[in-house]
Amino acid sequence: MESTFIILTQIITFGTAWSMFHCVLKRKKKDWFSLVGALGYLLLPYHVYVVTESVDRSQILIWMVVPILAASLIKMSDTEKMFWKTGYGLTAVLALGIIGRLDGVAALTLLFLICVGGICRRQWQYPVIGILGVAMAYPTYMTWKHWLFDGSFVESGLEYTSIMEQGYSIGGLFSTYFYRNGHPGMGILLLGCLLFLLYQSFVKGKKICAKNDHIWLGAAALLTVMSLRYFPWDFVQRMGSWALGLVTLIGTPAVFFGYAQILLCVWSIEKCGAVLQLTDRTTRMREDTVKKNGEK
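Predicted model, so just to flag it, every value in this text is computed and none were measured.

Undergrad: Explain the overall build of the chain here, please?
TA: When you go through the chain residue by residue, the secondary structure sums to 13 helices and 0 strands. Traced from its N-terminal end to its C-terminal end, the chain shows the element sequence α-α-α-α-α-α-α-α-α-α-α-α-α. In the chain, which comprises 296 residues, the share counted as buried stands at 47%.

Undergrad: Explain the packing of helix α3 (residues 45-54) against helix α4 (residues 57-78) to me, please; I cannot follow it from the model alone.
TA: When two helices pack together, you describe them by how their axes are tilted relative to each other and by the distance separating the axes. Interaxial distance between α3 and α4 falls to 8 Å at its minimum, and their mutual angle equals 140°. Looking at the two axes, α3 sits oblique to α4. The handedness of the crossing between α3 and α4 comes out as left-handed. Between α3, through Y46, H47, V50 and V51, and α4, the contact on the second element is made entirely by Q59, I60 and W63. The class makeup of the residues in the contact of α3 with α4 is 5 nonpolar, 2 polar and no charged.

Undergrad: I tried to follow the nonpolar core on my own but got confused; where do I start?
TA: Formed by 83 residues in total, the largest nonpolar core has its most connected members in F21, Y41, L69, I99, L110 and W233. In this structure, I99 is in contact with I62, V65, V66, L69, A106, A107 and L110, ignoring residues within four places of it in sequence.

Undergrad: I keep staring at the state of the cysteines and nothing clicks. Help me out?
TA: Covalent bonding between the sulfur atoms of two cysteines is what defines a disulfide. One pass over the structure, following the stated rule, counts 0 disulfides. Counting only cysteine sulfurs, C193 is the nearest neighbor of C265, a cysteine outside any disulfide, at a range of 7.5 Å. Residue class for C265 comes out buried when judged on its relative accessible area of 4%. Of all cysteine sulfurs, the one in C193 lies closest to C272, which takes part in no disulfide; the gap is 4.3 Å. Take C272: its relative accessible area is 9%, and that puts it in the buried class.

Undergrad: Any chance you could explain the pattern of salt bridges here in plain terms?
TA: When the charged atoms of two side chains with opposite charge come close together, those side chains can pair. If you walk through the whole model with that rule in mind, you get 3 salt bridges. A salt bridge links K271 to D213, with the nearest nitrogen and oxygen atoms 2.7 Å apart. Of this pair, K271 sits in helix α13 (residues 254-295) while D213 sits in helix α10 (residues 211-226); the two residues are 58 residues apart in sequence, bridging distant segments of the chain. Judged on exposure class, the residue K271 and its partner D213 are both buried. The closest approach of N and O atoms between K271 and E270, which form a salt bridge, is 3.8 Å. A residue is classified by how much of its surface remains accessible, and K271, at 12% relative accessible area, is buried.

Undergrad: I keep staring at unusual backbone geometry and nothing clicks. Help me out?
TA: Note on backbone geometry: most residues besides glycine have negative phi, and most peptide bonds are trans. Of note in the backbone geometry, R122 takes a positive phi value of approximately 55° without being a glycine. With respect to the element layout, R122 can be found in the loop between α6 (104-121) and α7 (125-136).

Undergrad: Just checking my understanding: could you explain the packing of helix α5 (residues 82-102) against α6 for this structure?
TA: One way to put it is that α5 packs onto α6 with a least axis distance of 5 Å and a crossing angle of 145°. Here α5 contributes L96, I99, G100 and L102 to the contact with α6, which in turn contributes G104, A106, A107, L110 and I114. Classifying every residue of the contact of α5 with α6 gives 7 nonpolar, 2 polar and no charged.

Undergrad: What's the story with a nonpolar patch on the surface in this structure? I'm lost.
TA: On the surface, L35, L39, L43, V48, I188 and L189 cluster together into a nonpolar patch covering about 510 Å² of accessible area. Looking at the nonpolar patch, the elements with two or more residues in it are α2 (30-42) and α9 (187-202). Topologically, L35 is positioned in helix α2.

Undergrad: What exactly am I supposed to notice about the packing of aromatic side chains here?
TA: Within a pair of aromatic rings, the relevant descriptors are the distance that separates the centres and the angle that separates the planes. Throughout the structure, instances matching the rule amount to 10 aromatic pairs. Taken together, a centroid distance of 6.5 Å and an interplanar angle of 20° make the contact between Y46 and W63 stacked. Taken as a pair, Y46 in helix α3 and W63 in helix α4 lie far apart in primary sequence, 17 residues in all. Each member of the pair, Y46 together with W63, is buried. Relative to W233, the ring of F231 has its centre 4.7 Å away and its plane inclined at 55°; by these criteria the two rings are tilted. Residue class for W233 comes out buried when judged on its relative accessible area of 6%. By the ring-pair criterion, three or more aromatic residues cluster together here, those being Y41, Y46, Y49 and W63. Here R57 stacks its cationic end above the ring of F5, 4.2 Å away from the centre of that ring.

Definitions and limits used
- Residues numbered from 1 in each chain as written.
- Predicted model: local features only at pLDDT ≥ 70, side-chain atom pairs only at ≥ 80, totals over all residues.
- Heavy atoms only, no water.
- Helix = DSSP H or I, 4+ residues; strand = E, 2+ residues; numbered from the N terminus.
- Buried < 20%, exposed > 50% of the residue type's maximum accessible area, 1.4 Å probe, protein only.
- Axes fitted to C-alpha atoms, helices over the stretch in contact; angles between N-to-C directions.
- Parallel < 35°, antiparallel > 145°, perpendicular 65-115°, else oblique.
- Left-handed = near helix turned anticlockwise from the far one by under 90°.
- Contact = heavy atoms within 4.5 Å.
- Nonpolar A, V, L, I, M, F, W, Y, C, P; charged D, E, K, R; others polar.
- Core = buried A, V, L, I, M, F, W, Y, C linked by side-chain atoms within 4.5 Å.
- Disulfide = S-S within 2.5 Å.
- Salt bridge = Lys/Arg side-chain N within 4 Å of Asp/Glu carboxyl O.
- Patch = residues over 30% accessible without salt bridge, like charges linked within 9 Å, V, L, I, M, F, W, Y side chains within 5 Å.
- Areas by Shrake-Rupley, 256 points an atom, 1.4 Å probe, with all protein chains shown as cover.
- Phe/Tyr/Trp six-rings, centres within 6.5 Å; stacked < 30°, edge-to-face > 60°.
- Lys NZ or Arg CZ within 6 Å of the ring centre and 35° of its normal.

Read these as layout, nothing more, since geometry by itself doesn't imply function.
Okay, structure coming up:
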């Protein structure tokens, strides 16, 4: 039964991830790039860890729903018809609401990324959708309120703990096949894409980053820093008993690097596709020029 659940969810995850990259990669070869993106998403080390080692059903479902959320937001901003725009918006609200019911920390992290997306794409609807989605998960946050502000945290069966030591080390971010304590790195595929883009930018002199890309990379960097064992979570916990309980509910700061991996995966695949598309176009232009000169 467990294996059937995992296989089914991964098939759905592949389909939803393909749809997400199909929306992101708007070019002639988008089908091929969408396939690569979907495989890259499935093979992200943190996703593989969630499916094969921790086997956490709630986290597996979250990774399945995230592409639906992203694709719905992109389609909503790209369509002009109000009927479809409303439908995609409601789908995004429902997706974030489901994530919030499964994991309140995940919903708040995605709310942050949705707001970043609203800034980058200049879509005021994004933050509204994010807030509505979190509001749909109000039972989760009502429970949090009961635990954090009504003095009932101990009744939940949880214990106040420090999470700093559970974060990543710097070297752990780049691990590929071997890692400790449930801290998978970015893996060889994602690292390879990022190195390819660095090569194209600094060696070939191609312009990789647009203005909005720095915002996305800044968000990924922030999530990565929050996942490190050096981030001052102990200082945050000293803000009050509510902060002590809230940080404890995070469980481990490593989860933030999982969302940073998603962000970097989408961004790097999109940029690699743009670079390869530009290279093909340049090659065709050179070939056409050579043919014209030959005819003369």
